[in-house]
Structure formats: C-alpha cells, structure tokens
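Chains, contacts and geometry: an overview
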Amino acid sequence: MEKNIILIGFMGVGKGTIARAFAKEYKVYNIDTDDLIESKTNKEVKKIFERYGEERFRALEQETANWIEANVKGTLVSCGGGFYKVNNLKSLGTVVLLDASFEWIHKRLKNAKNSKAKLAKRPLFAKEKEAKKLYNERAEIYRQVADVIVDVEKLATKEILEIISQAANISK
Ligand code: S3P
C-alpha cells in the first residue's frame, strides 16, 4: 500500500474496529489520531477537553495531521470524529468515510459490552441531543470530503474491508 488510508466518520461508527480488522487482514500498520495525541501529550483526550478545551484539542489534531503528512506512508490512519477539519486532510491519503445513521451509531454504542467506557471517553457524545445535532451538522461535510463512502449499516465487515482494500489498491 503506497498511499495512506484515512478513515473518517462519526464517533462510535466503528472506525477503530474496522481499522484493526483491516490491519490484521491486509498486514498493514494501523494508527489512531486520538492515540497519537494521547501519546504525545501523555493526557487522555477527555482530560484535554476538560482542562484545555476543544480548541486546544483541534490544534493538536492539526499538529498530528502535519506529522502524518511528513512522516507516515502506507498506513491505515483511523481518525477522531472531528479530524476531518484539518486543513491538509486530502494530502494525507485516500479519505474513506464510514457512514451510518445516527440511530444505528447510538444503538451500537449503547449495546457495546463496554458501553459505559465507550461513552465516557467521548465528551461530545455525553448528551444524546447534542451528539445528534453534531451528527446533523457534520453528515454532509463528511460525504463531501470523502473519496470513498462506505455504508457500514448495510454491509458485513468482510465487505467493508473489501471496499477499503479496493480504495487502497492492495490485495491480501
Ligand atoms: C471527537 C471524536 C473523538 C475524539 C474527540 C472528539 C469528535 O474520536 O477525537 O472526543 O469531535 O467527533 P472518536 O471518533 O474516535 O470517538
């Protein structure tokens, strides 16, 4: 895989899960922008929001995007839900959107085994009404910035991985 795959989509849509499955199946490295920020700052994303505010977190996302552009090749990059706002997104690789309805995402998070932890680490998902508003604000923009849109609600994991591999131009 020459270019990076930049996996975007709303919180809880399953970017991490799909990224891990893809990495295993196609033997590529998979990195996560939230993890990169946490490792660089030695602080949890949730703490960064609480202590320094969203603006600081967005600046850290931009720094991370700059680092990826300069240093990362042939890697699957799983992005935080707001990462699409960085000003160099399209230079980072092929942008793949995992798309689903808010209701599906909400159900997925609620039904997850570690549902409490999944919700607790996502400050912007704390209030359902606000999360829904954010979803509605972003849904169309996600589609506009994406090179490839994958409707995860209607597809099996195997099919999702297949579509991503075609976008990445790699085979097993
Ligand atoms: C955010 C999504 C989160 C994390 C932060 C902000 C967002 O990542 O980056 O809480 O603005 O949508 P996930 O999409 O992995 O939950």
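Owing to the predicted nature of the structure, the values given are computational and were not obtained by experimental measurement.

Calculation notes
Residues numbered from 1 in each chain as written. Predicted model: local features only at pLDDT ≥ 70, side-chain atom pairs only at ≥ 80, totals over all residues. Heavy atoms only, no water. Phe/Tyr/Trp six-rings, centres within 6.5 Å; stacked < 30°, edge-to-face > 60°. Helix = DSSP H or I, 4+ residues; strand = E, 2+ residues; numbered from the N terminus. Buried < 20%, exposed > 50% of the residue type's maximum accessible area, 1.4 Å probe, protein only. Expected span 1.5 Å × (residues − 1). Contact = heavy atoms within 4.5 Å. Salt bridge = Lys/Arg side-chain N within 4 Å of Asp/Glu carboxyl O. Arc of directions from axis to C-beta. Near = heavy atom within 4 Å. Polar contact = N/O pair within 3.5 Å; in protein donor to acceptor, adjacent residues only side chain to side chain. Areas by Shrake-Rupley, 256 points an atom, 1.4 Å probe, with all protein chains shown as cover.

A complete count under the given rule lists eight aromatic pairs for this structure. When the centroid spacing of 4.6 Å and the interplanar angle of 25° are considered together, the rings of Phe 22 and Tyr 26 count as stacked. With Phe 22 and Tyr 26 both in helix α1 (residues 15-26), this residue pair falls four residues apart, about one helical turn. An identical accessibility class is assigned to Phe 22 and Tyr 26; each is buried. Their ring planes at 65° and their centres at 5.7 Å tell us that Phe 102 and Tyr 135 sit as a pair that is edge-to-face.

Next up on the list: helix α4 (residues 54-71). Each turn of an α-helix holds 3.6 residues, which means side chains three or four residues apart point in the same direction. Taking 1.5 Å per residue as the helical rise, α4 with its 18 residues ought to reach 26 Å, and the 25 Å between its terminal C-alpha atoms agrees with that figure. Among all positions of α4, only Phe 57, Arg 58, Leu 60, Glu 61, Gln 62, Thr 64, Ala 65 and Ile 68 are buried. Packed against the buried residues of α4 are α2 (33-41), α3 (45-52), β3 (76-78), α5 (89-92) and α8 (128-145).

By the element assignment, Val 86 lies in the loop between β3 and α5. Measuring from C-alpha to C-alpha, the distance between Val 86 and Val 148 comes to 18 Å, with 62 residues separating the pair along the chain. Val 86 has contacts with Glu 61, Gln 62 and Ala 65, leaving out every residue within four places of it along the chain.

Further remarks concern the pattern of salt bridges. Following the criterion strictly, the structure yields ten salt bridges and no others. For Lys 46, the salt bridge identified is with Glu 50, shortest N-O distance 3.4 Å. Of the two residues, Lys 46 and Glu 50 are both situated in helix α3; the distance of four residues between them amounts to about one turn of the helix. Residue Lys 46 is classed as partly exposed on the basis of its relative accessible area of 29%. In this structure, a network of salt bridges that share partners links the residues Glu 54, Arg 58 and Glu 61.

For the rest of this paragraph, the subject is α1. Spanning twelve residues, α1 covers 16 Å between terminal C-alpha atoms, matching the ideal 16 Å at 1.5 Å per step. Turning to α1, its buried residues number three or more, namely Lys 15, Ile 18, Ala 19, Phe 22, Ala 23 and Tyr 26. The arc that holds every buried residue of α1, seen down its axis, measures 130°, which confines them to one face. The exposed set on the far side of α1, more than 90 degrees from its buried face, consists of Arg 20 and Lys 24. Looking at the buried positions of α1, the neighbouring elements they touch are β1 (5-8), β2 (30-32), β3, β4 (94-99) and α9 (157-168). One or two positions beyond α1, positive phi appears at Lys 27, with a value near 55°.

A few words on the site of the ligand. What surrounds the ligand is a group of 14 residues, the closest being Lys 15, Asp 34, Arg 58, Arg 122 and Arg 138. Contacts to the ligand include Asp 34, whose side-chain N or O atom sits 2.7 Å from an oxygen atom. Relative to its unbound accessible surface of 390 Å², the ligand loses 95% to contact with the protein. Listed by contribution, the elements that provide at least two residues to the shell around the ligand are α3 and α4.

All quantities given are derived from atomic positions and should not be read as evidence of function.
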